[in-house]
Amino acid sequence: MIDYHDFIAEVLIPEDSLQKRISELGEKISRDYAGKELLMICILRGGVMFLTDLIRHIDVPVAIEFMAVSSYGIGGRESSGNVRITLDLNCSIQDKHVIIVEDIIDSGHTLASVIELLQTRNPASLCVCTLLDKAERREVDVPVKYTGFPIPNKFVFGYGLDIDDYYRNLPFIGVVDLDKFKPE
Ligand code: PRP
């Protein structure tokens, strides 16, 4: 994998802005769910960084669970609309207050399928918290209760989002210059 300095076009969201917004979201969620218990379901893999930072700012009791969903072809960058659950929950969500945590909503196909599935399991409530929302790319409507940042239609990476499987570890969101990025 080539050094990201060779293909980054710009830092779209720096680390301090990410962390500030995530703390605001955590405080809002704490207020909204005061007196309740929360189950936060992270959609692997991109949502992991966001989940782990977000829950540190929530002061109601939080349980975490993970789901994995395959919606892009291997190595592909476009959602196929053909969504498959590859890792399901280990617990019942019946009568629980559930928040689905995502790194990014693009076409909306992934979340639309996850929401449809989870609704059949009778949670007390179900909503979505996404760090990034690329609304311009939406193909199906998805109700989103908490959004970190609306973003333009650019190819972003870092802070959970990969470029060809790498660089999820960066603490900021960057934009890829596709003229400079050459997959190996
Ligand atoms: C990304 C992202 C969302 C989905 C959004 O996951 O984390 O789950 O795509 O796209 P959509 O709105 O068009 O459905 P990806 O499939 O790249 O998996 P990853 O999180 O493991 O990188």
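Residues numbered from 1 in each chain as written. Predicted model: local features only at pLDDT ≥ 70, side-chain atom pairs only at ≥ 80, totals over all residues. Heavy atoms only, no water.

Engineer: I'm lost on the overall build of the protein in this one. Help?
Structural biologist: For the protein, the count of helices and strands is three helices and nine strands. Reading the helices (α) and strands (β) of the protein from amino to carboxyl end gives β-α-β-α-β-β-β-α-β-β-β-β. Along the longest, intermediate and shortest principal axes, the C-alpha atoms of the protein span 50 × 35 × 25 Å. Expressed as a percentage of its 184 residues, the buried residues of the protein come to 45%. For the protein, contacts bridging at least 24 residues in sequence account for 68% of all contacts bridging at least 6. (Helix = DSSP H or I, 4+ residues; strand = E, 2+ residues; numbered from the N terminus. Buried < 20%, exposed > 50% of the residue type's maximum accessible area, 1.4 Å probe, protein only. Contact = heavy atoms within 4.5 Å.)

Engineer: Sorry, what's going on with the site of the ligand here?
Structural biologist: The immediate surroundings of the ligand are formed by 17 residues, with Glu 102, Asp 103, Ser 107, Gly 108 and Thr 110 found nearest. Within the side chain of Glu 102, an N or O atom sits 2.5 Å from an oxygen atom of the ligand. Within the side chain of Thr 110, an N or O atom sits 2.5 Å from an oxygen atom of the ligand. For the ligand, the accessible surface in isolation is 500 Å², of which the surrounding protein chains cover 88%. (Near = heavy atom within 4 Å. Polar contact = N/O pair within 3.5 Å; in protein donor to acceptor, adjacent residues only side chain to side chain. Areas by Shrake-Rupley, 256 points an atom, 1.4 Å probe, with all protein chains shown as cover.)

Engineer: Looking at this structure, how should I read the packing of aromatic side chains?
Structural biologist: In this description, an aromatic ring pair is defined by two values, namely the gap between the centres and the angle between the planes. Enumeration over the complete set of coordinates arrives at seven aromatic pairs. Taking the centre distance of 6.3 Å and the plane angle of 65° together, the rings of Phe 157 and Tyr 167 count as edge-to-face. Placement of the pair is Phe 157 in strand S8 (residues 156–157) and Tyr 167 in the loop between S8 and strand S9 (173–176), with a sequence separation of ten residues. Note on accessibility: Phe 157 and Tyr 167 belong to one class, buried. (Phe/Tyr/Trp six-rings, centres within 6.5 Å; stacked < 30°, edge-to-face > 60°.)

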